[in-house]
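# Working through the structure, step by step
For reference, the chains in residue letters:
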Amino acid sequence: MSGPDGAPARAWLCRPGFEDMLARELAGAGARVASSAVAGLVVPEPGAPAVAMPASGWAFASAELHPEAVITGDSVNALGGAVADWFADALRGEQVALPWPCVFSAVDGVPGLGRRAAAVERAFHEKLSRRVGRVARLALPDLPAGTGPAHGMFAVFTAFDSVLVSRDAWLGGQRRMADDPAAPSRSYLKVEEAYGVAGAAPEPGQLVCDLGAAPGGWTFSAAKRGARVTAVDNGPLKGGALDHALVEHLQQDAFVFRPRAGQVYDWLFCDLVEEPHHVLRGVLEPWLAERWCRRFVVNLKFGRTDANALLRELRAGDSVLGRLATGASVRHLHHDRDEFTIMGASR
Ligand SMILES: C[S@@+](CC[C@H](N)C(=O)[O-])C[C@H]1O[C@@H](n2cnc3c(N)ncnc32)[C@H](O)[C@@H]1O
């Protein structure tokens, strides 16, 4: 597969350091990928066949881009101006009445890029404002929330003087989240990010069961939204989760804890440092089979487990997700380390 204007037909973005994981996920779907020259960016081998994305999206890719050109420029103004000219020309005949994402990604590992990326972006906006001011005013610099197709402009620096540009992308929903000083752990950021992929978050009055809750980042996230939380962990809650009026802390084993008869939680949260199959069989399977929860966010630490083998298992029709869940997604979130997060609803 190859694209127009010297661009690859597809390009995938991921968390730097996880290119090999993404390459293996893509290879499992039949893609042949070139060795990654830029951290956080994976492209297909020239002439490799097109590859179909799994119905629920890639796990390790934060975006699949449909590149249309590779634009070069030997100065900040030349490069920013050339990208603006390309985009303004590409817009011909298109009505732009709504805000649109205009996202420049400076993937790590481009030598010497540093602050130049922001300067190129400024030069782009100055030129775009001169050419199509009304369209330029509707540009949004952040990735839109949620997962799925997006139309706008997605620019990725592939070298000091070159940018890969796409107007169409599939977005996995991964985003850097803002911390809250009252949150007792960095894990808080993971569940906040997961809501964007799930397309929902706990609401006032909803019931949440958080298995492996301590020190309480996920519990705090739900309670600050007004949900009532049963936090199950032998360890202590801290920070904003400690003594929160909406939190009941139970010092019990998460694998043994059962809801009261007839009790249905709106959300199951589970962030146990345990072998993933143990979590899937010992927690997710009974919770979905018995319909003890409506929605779930479960983090699986792949550690020494083969992450791609686990992904294939999860995507199989006879997996716990295939049999018992609906609308399930598996994502390597921006805030995940050697783990991924699965989100979905009970069938
Ligand atoms: C990664 S931490 C959870 C972090 C939490 N999500 C947060 O946001 O602060 C994992 C927790 O799982 C708990 N845990 C591990 N095995 C458990 C079990 N069988 N039952 C209950 N808690 C368990 C540990 O005590 C630990 O507090």
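Residues numbered from 1 in each chain as written. Predicted model: local features only at pLDDT ≥ 70, side-chain atom pairs only at ≥ 80, totals over all residues. Heavy atoms only, no water.

Throughout the structure, instances matching the rule amount to 19 salt bridges. Linking Asp 85 and Arg 131 is a salt bridge whose minimum nitrogen-to-oxygen distance equals 3.0 Å. One end of the pair, Asp 85, is in helix H2 (residues 76–90); the other, Arg 131, is in helix H3 (residues 116–131), and 46 residues separate them in sequence. A relative accessible area of 23% means that Asp 85 is categorised as partly exposed. A salt bridge links Arg 131 to Asp 89; its shortest N-O distance comes to 2.8 Å. In this pair, Arg 131 sits in helix H3 while Asp 89 sits in helix H2, placing the two residues 42 residues apart along the sequence. Residue class for Asp 89 comes out partly exposed when judged on its relative accessible area of 36%. Taken together, the shared-partner salt bridges connect Asp 85, Asp 89, Arg 92, Lys 127 and Arg 131 into one network. (Salt bridge = Lys/Arg side-chain N within 4 Å of Asp/Glu carboxyl O. Helix = DSSP H or I, 4+ residues; strand = E, 2+ residues; numbered from the N terminus. Buried < 20%, exposed > 50% of the residue type's maximum accessible area, 1.4 Å probe, protein only.)

A few words on helix H6 (residues 217–224). When you tally the buried positions in H6, you get seven out of eight residues, the bulk of the element. Buried residues of H6: Gly 217, Trp 218, Thr 219, Phe 220, Ser 221, Ala 222 and Ala 223, and no others. Directly beyond the C-terminal end of H6, a positive phi value near 95 degrees is found at Gly 226.

Parsing the protein into structural domains produces domain 1 (4–171) and domain 2 (187–346). Here the C-alpha centroids of domain 1 and domain 2 sit 33 Å apart. On the side of domain 2, 18 residues touch domain 1, which itself brings 14 residues to the contact. Across the domain 1 to domain 2 interface the summed buried area is about 1,300 Å²; carbon plus sulfur atoms make up 51%. Its largest share of buried area at the contact with domain 2, domain 1 owes to Arg 15, Ala 59 and Phe 60, together 37% of the area lost on that side. Counting across the interface, domain 1 meets domain 2 through two salt bridges. Across the salt bridge formed by Arg 24 and Asp 306, the nearest N and O atoms sit 3.3 Å from each other. Counting every contact that joins domain 1 to domain 2 gives 10 residue pairs in polar contact (both at pLDDT 80 or more). (Domains from an automatic or database assignment. Contact = heavy atoms within 4.5 Å. Buried area = accessible area lost by both parts, 1.4 Å probe. Polar contact = N/O pair within 3.5 Å; in protein donor to acceptor, adjacent residues only side chain to side chain.)

A few words on the sheet that holds strand S13 (residues 325–331). Sheet architecture is open: seven strands sit in the order S10-S9-S8-S11-S12-S14-S13, paired in mixed fashion. Edge positions in the sheet fall to strand S10 (247–250) and S13, since each has one partner strand and no second. When strand polarity is set aside, the average angle formed by the axes of neighbouring strands in this sheet is 15 degrees. With five bridges joining them, strand S11 (residues 265–270) and strand S12 (residues 293–301) adopt parallel strand pairing. Across the sheet, residue Tyr 265 finds its bridge partner in S12, namely Cys 293. Contacts between H6 and the sheet are confined to strand S8 (207–211), strand S9 (228–232), S10, S11 and S12, with S9 contributing the most and set at about 170 degrees to the helix. (Pairing = 2+ DSSP bridges. Axes fitted to C-alpha atoms, helices over the stretch in contact; angles between N-to-C directions.)

Helical geometry note: an α-helix holds 3.6 residues per turn, so side chains three or four residues apart project in the same direction. Of all the bends in helix H7 (residues 276–289), the largest measures some 25 degrees and sits at Val 283, one to four residues before the proline Pro 286. Of all the positions in H7, only Pro 276, His 277, Val 279, Leu 280, Val 283, Leu 284, Pro 286, Trp 287 and Leu 288 are classed as buried. Here H7 starts with a cap whose side-chain oxygen sits 2.8 Å from the backbone nitrogen of His 277, and that cap is Glu 275. (Bend = angle between axes of the 7 residues up to and from the residue.)

For the rest of this paragraph, the subject is the site of the ligand. Contacts to the ligand come from 18 residues, most closely from Ser 185, Gly 217, Asp 233, Ala 254 and Asp 271. Interatomic distance of 2.7 Å between a side-chain N/O atom of Asp 233 and an oxygen atom of the ligand. For the ligand, the protein covers 79% of the area, taking 600 Å² as the surface of the free molecule. For the shell around the ligand, a count of residues per class yields eight nonpolar, six polar and four charged. (Near = heavy atom within 4 Å. Areas by Shrake-Rupley, 256 points an atom, 1.4 Å probe, with all protein chains shown as cover. Nonpolar A, V, L, I, M, F, W, Y, C, P; charged D, E, K, R; others polar.)

A word on unusual backbone geometry. Here the amide bond leading from Ala 214 into Pro 215 is cis, since omega sits at 5 degrees, within 30 degrees of zero. Checked against the element boundaries, Pro 215 lands in the loop between S8 and H6. One non-glycine residue with positive phi stands out, namely Asp 243, at about 60 degrees. For Asp 243, the position within the fold is in the loop between S9 and S10.

All right, on to the packing of helix H5 (residues 187–198) against H6 then. Relative to each other, H5 and H6 sit at 50 degrees, their axes nearing to 7 Å. With respect to H6, the axis of H5 lies oblique. Crossing angle aside, the handedness with which H5 passes H6 is right-handed. Along its contact with H5, which presents Ser 187, Tyr 188, Lys 190, Val 191, Glu 192 and Tyr 195, the element H6 presents Gly 217, Trp 218, Phe 220, Ser 221, Ala 222 and Lys 224. When the residues that make up the contact of H5 with H6 are grouped by side-chain class, the tally is six nonpolar, three polar and three charged. (Parallel < 35°, antiparallel > 145°, perpendicular 65-115°, else oblique. Left-handed = near helix turned anticlockwise from the far one by under 90°.)

Turning next to the environment of Gly 47. Here Gly 47 lies in the loop between strand S2 (41–42) and strand S3 (63–72). Classification of Gly 47 by relative accessible area gives exposed; the value is 57%. As a C-alpha pair, Gly 47 and His 277 span 230 residues in sequence and 38 Å in three-dimensional space.

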